[in-house]
Amino acid sequence: MVWLNTLYGVLNACFILLVGPLIDGVERKIRARLQNRRGPSILQTWYDLVKLLRKPAARTGVPSTLFRLSVYIGFVNLLIVSLFIPSILCGGMGFFGDLILFIYLLSSSKVFVLIGSYSSGSPYASIGSTREVSLSMASELVLAEIIALIALSRSSLLLSNVFPVTAVLRPSVLIGLGVLGIIVYIEHSRLPFEIGEAEPELAGGYTIEYAGRDLGFILWSNTIRRTLLTTFLIDLIIPLDVLYHLVIYPVLLFSIMIVFTAIETGWGRLRIDISLKYVKRLSYVMWGVILLALIGY
Amino acid sequence: MRSSGINQVRPRNKYELMIDLRRFGEPRLRGKYLFLSRIKSGRLRDLVDYLHWRLGGYYSTSIGVDERPLDGYFHVYHVFVLEEYGVYVLVDLIADPGHPVVESITPVVPAANWAEREIMDFIGVKFRGHPEPHRLILPDDWPENVYPLRKDYPYDDKLPTSDKIAKLVRESSPATWEPEAPGDHTVIPVGPYHPALHEPEYFELFVEGEKIVDARYKGFMVHRGIEKIAESRLSYNQVSFIAERICGICGFTHSTAYCQAVEEAAGIDVPERAEYIRSILLEIERIHSHFLWMGVAFHLLGYDTGFMIMWRLRESIMDLAEELTGSRKMYGANIVGGIRDKWDIRDDKAALIKRMLDEIREEYLKYIPKIISLEEIKKRTRGVGVLSRSDARKYSVLGPHARASGIKTDVRKYRPYAAYKYVNVEIPVLDDGDIYARMIVRHEEILASIDLIHRLLDNIPKTPLHADTSYIPERRHGIGCTEAPRGEDLHFVITGRDNKLYRWRPRAPTYNNLLSVPAMLRGEYLADAPIIIASIDPCFSCTDHVVVVDLRSGRRRPLRTRGVVGGR
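Residues numbered from 1 in each chain as written. Chains lettered and ligands numbered in written order. Predicted model: local features only at pLDDT ≥ 70, side-chain atom pairs only at ≥ 80, totals over all residues.

**Details of the overall build of chain A**
In step 1: Counting its regular elements, chain A contains eleven helices and zero strands.
In step 2: The N-to-C order of helical and strand elements in chain A reads α-α-α-α-α-α-α-α-α-α-α.
In step 3: Relative to its length of 297 residues, chain A is compact, with a C-alpha radius of gyration of 19 Å against a globular reference of 19 Å.
In step 4: Seen through its principal axes, chain A has C-alpha atoms that stretch 55 × 45 × 45 Å. (Helix = DSSP H or I, 4+ residues; strand = E, 2+ residues; numbered from the N terminus. Rg over C-alpha atoms; globule rule 2.2 N^0.38 Å.)

Next up, the structure:
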């Protein structure tokens, strides 16, 4: 049934591509309401994207090939991930070792954009991307630990074998899922961990040198990355079942994003050194949890 | 420099002070002003050291005046505030027109750095021994040896076209000055346009990773020279309105300070009711400014919810101002000698204002305790951007910035003006010197101001609104000081003939406070730079005296006054 799986994958990818900016629009509305503002239409992120994608990419000086291509490499990486992660339909996955592929593609998509931005030579871009890289290196370590825990609990690295991890109800798995929730939040680059763009400090940080189409793809990638990370979290929780994915998954996706938004409005921005300290602590917790899993809890 | 005053008995009042200062020159006491002229040669720095570091006074500002048409000399006045004695000491230095050089006091009082450079730019008096004798305000392509605030420079002089400027520059080669970068560091430019700065200014941060090694400031990009228009073609009452337009946030404090300066010079007694109304409007302005600052600070800390809350409260305060004056900002109430008739506060208005204030206080107190106890707000403001008490003295910082560094200063309390003479003003003082302390000082001031407005409204007397100002004598010096939301706002005037000023020099508090910013930035994280810069509540336009005079005319035409002050 290769063709059916392929079809499922394509449909899933379309869903993720379309719903990412929509969720962002909903978040903006909710954030506005929480701050006593009216806020834009929930389609505003889509309007922004359409406008940006129609504009030519203005580039300063002589941009390096890396600078020009990195955005698109990052976007394609995410597209591949959305092809094999079950989202609205459960299917599309099933080749060996894809848990690691998932992490690799997801983080490399970010790293490409950051390297491209760094290559522009703008001091703001280099500081923004340095911050973002140090934060995501720290949080990816924790993510790797979580992957190790999942692989341990399910004795496999295949996505089709791993989902849902809640089939094995152990204390270590539950704590692991909790930590994963936090890491997903951090990887969403939400306040207080939104330090790579940091508008009031770095004037956009790693996105500062990008404009027009390039910027549009970066913003789109960011919403897709957020949606994929949340999808991964949900996939680990709900059963791999058609009905569950068609009905429960979208509800959970939106509610998790809304809860995250609500948390975000209560926070200011942390400094890089303080946020790294937080992530480091999470990493220590995860080592303990892995030990717990090893002795069978 | 050390010898003076150590074994001396400390003078107890201004009369003893006057006698004491005979060691340095010729003192002359006129009301609140202690003029000290004919300084004995070589004694200037001892005198300044004595006034600023030993007598508990502080250096406020310096003013250069071209008094050649009056007595044939350039004058430089260094203003020292001695709150304990209730006097301003004006150290009056004379510079010969043929060779205008006086001794610099910056080596003794670093706070004088900019004021002296401003005089070098505008009047052309040179300061011997100044550590950085470079251009401050005039643009780099301004020709050498052209001094705009000299009396023989016409106010409507058309700037040469760019070709002519280029020629002049080639001929005179002005000493443009680029400071050397300390070592091999990344330079992060902050400004002239940056989301953290809401006005065009330029900071250069030298960083190593995320740590700031050193910082430089270049400012005065929007200086338009409104002093020149005021001295050349505006009448006394018109200047009050242009003074209000110096700043979009603390404009009323500028116009009050200006009016007070003229009233001081002319010896006009302002009726009590006008004083009360001035004080009430000043306090409303203070609350507005502090709300605005809090919002900006939270925004810079990434806490946009707090920003929205504070700016919503600010809307209510502006509604309140609209009820009182008809405008949300730019009250336009001040004239020399009092308040304009229509700006009277009727009893029914007073009741309404009180009710609105109570609502604002309730709303404010609902949110602010939660906001200032937020973990990340504390983490990012406590122990960050610390200015020690001695550094604060060194740079003569003012207002909430000084009070957060443990200096007890407030014009309202120690040099009461307007209606502050009749009520007690509570001033919060904290010793920590960090951003958190500055936030708390402003927080307390908001509450104190609301309280103060209530008391002022209760006691407002029934008197006329303005005094007779038909006679303003010539050649009188006056200093008007108000406690602006950011600190002491000082306006210096010398009266002239034909209903015009001879010299007007506004000095906004940010002028002194900004000097301390590079010192606060050193050794901090780059991420904290915006909030450190913002923590002094910088008002760049105040410092630069921005005013939009005429958009259409461009720079080729003489500056017009129509549309700004509505006359002529």
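**Remarks on the overall build of chain B**
In step 1: Looking only at helices and strands, chain B features 20 helices and 15 strands.
In step 2: Scored against the burial criterion, the 568 residues of chain B give a buried share of 50%.
In step 3: The contacts of chain B with a sequence gap of at least 6 include a subset with a gap of at least 24, amounting to 68%. (Buried ≥ 20, exposed ≤ 12 C-beta atoms within 10 Å, placed from the backbone. Contact = placed C-beta atoms within 7 Å.)

**A word on the confidence of the model for chain A**
In step 1: With 97% of its residues at a pLDDT of 70 or more, chain A has an overall mean of 86.
In step 2: Here helix α8 (residues 199–202) of chain A stands out as the least confident element of chain A, with mean pLDDT 73; helix α2 (residues 44–54) of chain A is the most confident, with 94. (pLDDT = per-residue confidence, 0-100.)

**Some words on the packing of helix α1 (residues 2–34) of chain A against helix α9 (residues 212–237) of chain A**
All names here are of chain A.
In step 1: Where α1 contacts α9, the two axes come as close as 8 Å, and the packing angle between them is 100 degrees. Taken together, the axes of α1 and α9 lie roughly perpendicular to each other. Between α1 and α9, the contacting residues are Ile16, Leu17, Val19, Gly20, Pro21, Ile23 and Asp24 on the first element and Trp220, Thr223, Ile224, Arg226, Thr227 and Leu228 on the second.
In step 2: When grouped by side-chain class, the residues that make up the contact of α1 with α9 number eight nonpolar, three polar and two charged. (Axes fitted to C-alpha atoms, helices over the stretch in contact; angles between N-to-C directions. Parallel < 35°, antiparallel > 145°, perpendicular 65-115°, else oblique. Nonpolar A, V, L, I, M, F, W, Y, C, P; charged D, E, K, R; others polar.)

**Some words on the sheet that holds strand β8 (residues 186–190) of chain B**
All names here are of chain B.
In step 1: Strand order in this open sheet of three strands is β8-β9-β10, and the pairing throughout is antiparallel. Of all strands in the sheet, those bounded by a partner on one side alone are β8 and β10 (211–218). Taking the axes of each pair of neighbouring strands and ignoring which way they run, one obtains an average angle of 25 degrees across the sheet.
In step 2: Note: β8 against strand β9 (residues 202–208), five bridges, orientation antiparallel. Residue pairing across strands places Val187 opposite Phe206, the latter belonging to β9. (Pairing = 2+ DSSP bridges.)

**Regarding the confidence of the model for chain B**
All names here are of chain B.
In step 1: When the pLDDT values of chain B are averaged, the result is 84; 89% of them are 70 or greater.
In step 2: Low confidence marks residues 1–6, where pLDDT is under 50. Its contacts with residues over four positions away, or in another chain, come to nine contacts.
In step 3: Segment residues 172–179: pLDDT under 50, and eleven contacts once partners within four positions in sequence are set aside and those in other chains are kept.
In step 4: As scored by the predictor, the complex reaches a pTM of 0.84 and an ipTM of 0.78.

**Quick look at the packing of helix α5 (residues 123–154) of chain A against helix α7 (residues 171–187) of chain A**
Residues and elements named next belong to chain A.
In step 1: At their nearest, the axes of α5 and α7 sit 10 Å apart, and the two run at 150 degrees to each other. In terms of their interaxial angle, α5 and α7 are classed as roughly antiparallel. In this structure, α5 crosses over α7, and the sense of that crossing is left-handed. Between α5 and α7, the contacting residues are Ser136, Ser139, Val142, Leu143, Ile146, Leu149 and Ser153 on the first element and Ser172, Val173, Gly176, Val179, Leu180, Ile183, Ile186 and Glu187 on the second.
In step 2: Residue composition of the contact of α5 with α7, by class: nine nonpolar, five polar and one charged. (Left-handed = near helix turned anticlockwise from the far one by under 90°.)

**Brief notes about the nonpolar core**
Residues and elements named next belong to chain B.
In step 1: One finds Val262 and Ala297 to be the most contacted residues of the largest nonpolar core, which totals 239 residues.
In step 2: Among the elements that line this core, the one with the most residues is helix α9 (residues 272–300), at 16 residues.
In step 3: For this core, the two domains that each supply at least three residues are domain 1 (14–172) and domain 2 (226–522).
In step 4: Excluding residues within four positions of it along the chain, Val262 makes contact with Tyr236, Val336, Ile472, Gly478 and Val493. (Core = buried A, V, L, I, M, F, W, Y, C linked by C-beta atoms within 7 Å. Domains from an automatic or database assignment.)

**Digging into the interface of chain A and chain B**
In step 1: On the side of chain B, 26 residues touch chain A, which itself brings 21 residues to the contact.
In step 2: Listing elements by their share of the side of chain A that touches chain B, those giving two or more residues are α5, α8 and α11 (272–294) of chain A.
In step 3: Looking at side-chain class alone, the side of chain A that touches chain B contains eleven nonpolar, five polar and five charged residues.

**A look at unusual backbone geometry**
In step 1: A positive phi angle, close to 50 degrees, is found at Ser155 of chain A, a residue other than glycine.
In step 2: The topology assignment puts Ser155 of chain A in the loop between α5 and α6 (159–162).
In step 3: Residue Ser155 of chain A is classed as exposed on the basis of its C-beta count, with 9 C-beta atoms lying within 10 Å.
In step 4: For Arg475 of chain B, which is not glycine, the phi dihedral falls at a positive 55 degrees.

**Considering the domain arrangement of chain B**
Many structure descriptions define interface size as the accessible area lost when the parts assemble.
All names here are of chain B.
In step 1: Segmentation of chain B into domains returns domain 1 (14–172) and domain 2 (226–522).
In step 2: Summarising the inter-unit geometry, the C-alpha centres of domain 1 and domain 2 are found 27 Å apart.
In step 3: At the interface, 18 residues of domain 1 touch 23 residues of domain 2.
In step 4: Put simply, the parts of the chain that give the side of domain 1 that touches domain 2 at least two residues each are β3 (58–67) and α4 (113–122).
In step 5: Counting residues per element, the side of domain 1 that touches domain 2 draws most heavily on β3, which supplies six residues.
In step 6: Of the residues that constitute the side of domain 1 that touches domain 2, the class distribution is 14 nonpolar, three polar and one charged.

**Points about the sheet that holds strand β1 (residues 26–30) of chain B**
Residues and elements named next belong to chain B.
In step 1: Taking strand neighbours across the sheet as the criterion, the five strands line up as β1-β2-β5-β4-β3 in an open arrangement whose pairing is mixed. Both outer strands of the open sheet, β1 and β3, are each paired with one neighbouring strand and no more. Adjacent strand axes in the sheet meet at a mean angle of 20 degrees, parallel and antiparallel pairs treated alike.
In step 2: Along the sheet, α4 contacts β3 and β4 (73–82); its crossing angle with β3, the most-contacted strand, is approximately 10 degrees.

**A closer look at helix α3 (residues 65–84) of chain A**
Structural remark: α-helix, 3.6 residues per turn; residues separated by three or four positions point the same way.
In step 1: Under the 1.5 Å per step criterion, the end-to-end length of α3 of chain A is 29 Å for 20 residues, consistent within 8% with the ideal 28 Å.
In step 2: Close packing links the buried residues of α3 of chain A with α1, α4 (98–118), α6 and α9 of chain A. (Expected span 1.5 Å × (residues − 1).)

**Brief notes about the environment of Ala230 of chain B**
Residue and element names in this part refer to chain B.
In step 1: Mapped onto the secondary structure, Ala230 falls in helix α6 (residues 226–233).
In step 2: Sequence separation between Ala230 and Lys40 is 190 residues; the distance between their C-alpha atoms is 35 Å.
In step 3: Residue contacts for Ala230: discarding those within four places in its chain leaves Val239, Ile242, Leu501 and Trp504.

**Description of the pairing of strand β15 (residues 501–507) of chain B**
All names here are of chain B.
In step 1: In terms of residue burial, β15 counts as a mostly covered element, since seven of its seven residues are buried.
In step 2: Sheet analysis places strand β14 (residues 487–495) next to β15, joined by six bridges and oriented antiparallel. Paired with His491 across the bridge in β15 is Pro506.
In step 3: In sequence, β14 turns back onto β15 through a hairpin of five residues, with Asp498 there showing a positive phi of about 55 degrees.

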